[in-house]
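So you can see what is in the structure, the chains are spelled out below.
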Amino acid sequence: MSADAERGAWVQRSVLADQVYTEILARLMDGKLESGDPLSIDGTARDLGVSPTPVREALARLEATGMVVRAALRGYRVAPMLSHTELLDLMDARLLIEPHNAQVACVRADEPFLVNLERAIDDLKQAPNGPQFSDYRSYWEADERFHHLIAEQTRNKFLIGAYNSLGGHVHRFRLFGGTGVRDSGSAIREHGEILAAMREGNAVQAQAAMAAHLCGVRDRAAREHEASRAAEPQPPR
């Protein structure tokens, strides 16, 4: 096989793995796959009409976010929803990493970076946020892209790796299944404040704006978590 053919085959596999990842993620977000459900590689491959390879790659990516777990000799299973304490712990970890990312990114900001941040905010404003993942997927992608752009702008592979390992967006947006995004107005305003500090070149303010945003996300997510638990059917006494 020629080098061009090998490159084309790799791109095709990569795109297919992305599509499989998105489909499994949608099922997780919409609650079609519930906590503890097994995720067979071969069974999922048959269901989606693909080979096991892109399924295996997609599940490995989801494992890195904590959305699925793998046990030796037992395969993959859907991870349980984060508890209230775990959700707060996740946000505490984000508060350690992302404000610092914003400070470093501000120092290294250039016009293409700022334009991309502004585009992400514009996409948030235009995105629907209905009850199904297919409704709010574009909002989730724009929100994640905003934060990922800032992590990437640090140009520090360890900070980028730490940010990626948290899977903060998928865990938080898992709360929106069946309800849709409920804090879009607050989140968009807070993103705008981060961008304004970046455009002014004020690294201290960028750090503070990111911290304020994450505190807002934490408090809203805690309320959303409590609301989702209260809406769950209670076992008969």
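Cut-off values and rules
- Residues numbered from 1 in each chain as written.
- Predicted model: local features only at pLDDT ≥ 70, side-chain atom pairs only at ≥ 80, totals over all residues.
- Heavy atoms only, no water.
- Phe/Tyr/Trp six-rings, centres within 6.5 Å; stacked < 30°, edge-to-face > 60°.
- Helix = DSSP H or I, 4+ residues; strand = E, 2+ residues; numbered from the N terminus.
- Buried < 20%, exposed > 50% of the residue type's maximum accessible area, 1.4 Å probe, protein only.
- Lys NZ or Arg CZ within 6 Å of the ring centre and 35° of its normal.
- Expected span 1.5 Å × (residues − 1).
- Bend = angle between axes of the 7 residues up to and from the residue.
- Pairing = 2+ DSSP bridges.
- Contact = heavy atoms within 4.5 Å.
- Axes fitted to C-alpha atoms, helices over the stretch in contact; angles between N-to-C directions.
- Parallel < 35°, antiparallel > 145°, perpendicular 65-115°, else oblique.
- Left-handed = near helix turned anticlockwise from the far one by under 90°.
- Nonpolar A, V, L, I, M, F, W, Y, C, P; charged D, E, K, R; others polar.
- Salt bridge = Lys/Arg side-chain N within 4 Å of Asp/Glu carboxyl O.
- Core = buried A, V, L, I, M, F, W, Y, C linked by side-chain atoms within 4.5 Å.

Lay out the packing of aromatic side chains with the relevant residues and their values.
In this structure the tally under the stated criterion is 2 aromatic pairs. Seen from their ring centres, Phe133 and Tyr136 are 5.5 Å apart, and the 85° between their planes marks the pair as edge-to-face. Remark: Tyr136 and Phe133 occur in helix H6 (residues 133-153); sequence separation between them is 3 residues, near one turn of the helix. On the basis of relative accessible area, Phe133 is assigned to the buried category, the value being 2%. The rings of Phe133, Tyr136 and Trp140 are connected pair by pair, giving a single aromatic cluster. Between the NZ or CZ atom of Arg61 and the centre of the ring of Tyr21, over which it lies, the distance is 3.8 Å.

Please set out H6 residue by residue, giving values where relevant.
Compared with the 30 Å implied by 1.5 Å per residue over 21 residues, the 28 Å span of H6 between its first and last C-alpha is a close match. Roughly 25° is the biggest bend found in H6, and it falls at Tyr139. Every buried residue of H6 is listed here: Phe133, Tyr136, Tyr139, Trp140, Ala142, Asp143, Phe146, His147, Leu149, Ile150, Ala151 and Gln153. Downstream of H6 by a residue or two, Arg155 has a phi angle that is positive, lying close to 55°.

Lay out the sheet that holds strand E1 (residues 38-39) with the relevant residues and their values.
The 3 strands are arranged E1-E3-E2 in an open sheet whose pairing can be described as antiparallel. Because the sheet does not close on itself, it has two edges, and the strands there are E1 and strand E2 (68-71). As defined by bridge partners, E2 adjoins strand E3 (residues 75-78) across 4 bridges and the pair is classed as antiparallel. What sits directly across from Ala71, in E3, is Gly75. The strands touched by helix H3 (residues 52-65) are E1, E2 and E3; relative to E2, the strand with the most contacts, the crossing angle is about 105°.

Could you give me a rundown of the packing of helix H4 (residues 84-107) against helix H7 (residues 157-166), with the residues and numbers involved?
At a closest axis distance of 10 Å, the pairing of H4 and H7 adopts a crossing angle of 150°. One way to sum up the angle between H4 and H7 is to call them roughly antiparallel. Once H4 is placed against H7, the crossing between them reads as left-handed. Contacts between H4 and H7 involve Leu90, Ala93, Arg94, Ile97, Glu98, His100 and Asn101 from the first element and Leu159, Ala162, Tyr163 and Leu166 from the second. Residue composition of the contact of H4 with H7, grouped by class: 7 nonpolar, 2 polar and 2 charged.

Explain the pairing of E3 to me, and be specific about the residues and the numbers.
Pairing between E1 and E3: 2 bridges, direction antiparallel. From the neighbouring strand, Pro38 faces E3, where its bridge partner is Arg77. Linking two consecutive strands that pair antiparallel, namely E2 and E3, is a turn of 3 residues; a positive phi of about 70° is found at Leu73 within it.

Residue-level account of the pattern of salt bridges, with values.
One pass over the full model with this rule turns up 13 salt bridges. Arg145 is the partner of Asp123 in a salt bridge, and the nearest nitrogen-oxygen pair spans 3.0 Å. A residue pair is termed long-range when its members are at least 10 positions apart, and Asp123 in helix H5 (residues 111-126) and Arg145 in helix H6 qualify at 22 residues. Here Arg220 makes a salt bridge to Glu190, at a shortest N to O gap of 3.0 Å. Taken together, the residues span a long stretch of sequence, with Arg220 in helix H10 (residues 203-231) and Glu190 in helix H9 (residues 184-200) at a distance of 30 residues. As far as the burial class goes, Arg220 and Glu190 line up, both buried.

Provide a residue-level description of the nonpolar core, including the pertinent values.
Core analysis: the biggest nonpolar cluster contains 54 residues, and Leu25, Leu62, Ile150 and Met198 have the highest contact counts within it. In terms of residue count, H6 provides more of this core than any other element does, 8 residues in total. In contact with Leu62, other than residues within four places in its own chain, are Tyr21, Ile24, Leu25, Leu28, Met67 and Val68.

Can you tell me about the packing of H6 against H9, naming the residues and giving the values?
For any two helices packed against each other, one specifies the crossing angle of their axes together with the interaxial distance. At a minimum axis separation of 12 Å, H6 and H9 run at an interaxial angle of 25°. It follows from the interaxial angle that H6 and H9 lie roughly parallel. Remark: the crossing between H6 and H9 carries left-handed chirality. Only Ser184, Ala187, Ile188, His191, Ile194 and Met198 of H9 make contact with H6, whose side of the interface consists of Tyr139, Asp143, Phe146, His147 and Ile150. Of the residues contributing to the contact of H6 with H9, the split by class is 7 nonpolar, 3 polar and 1 charged.

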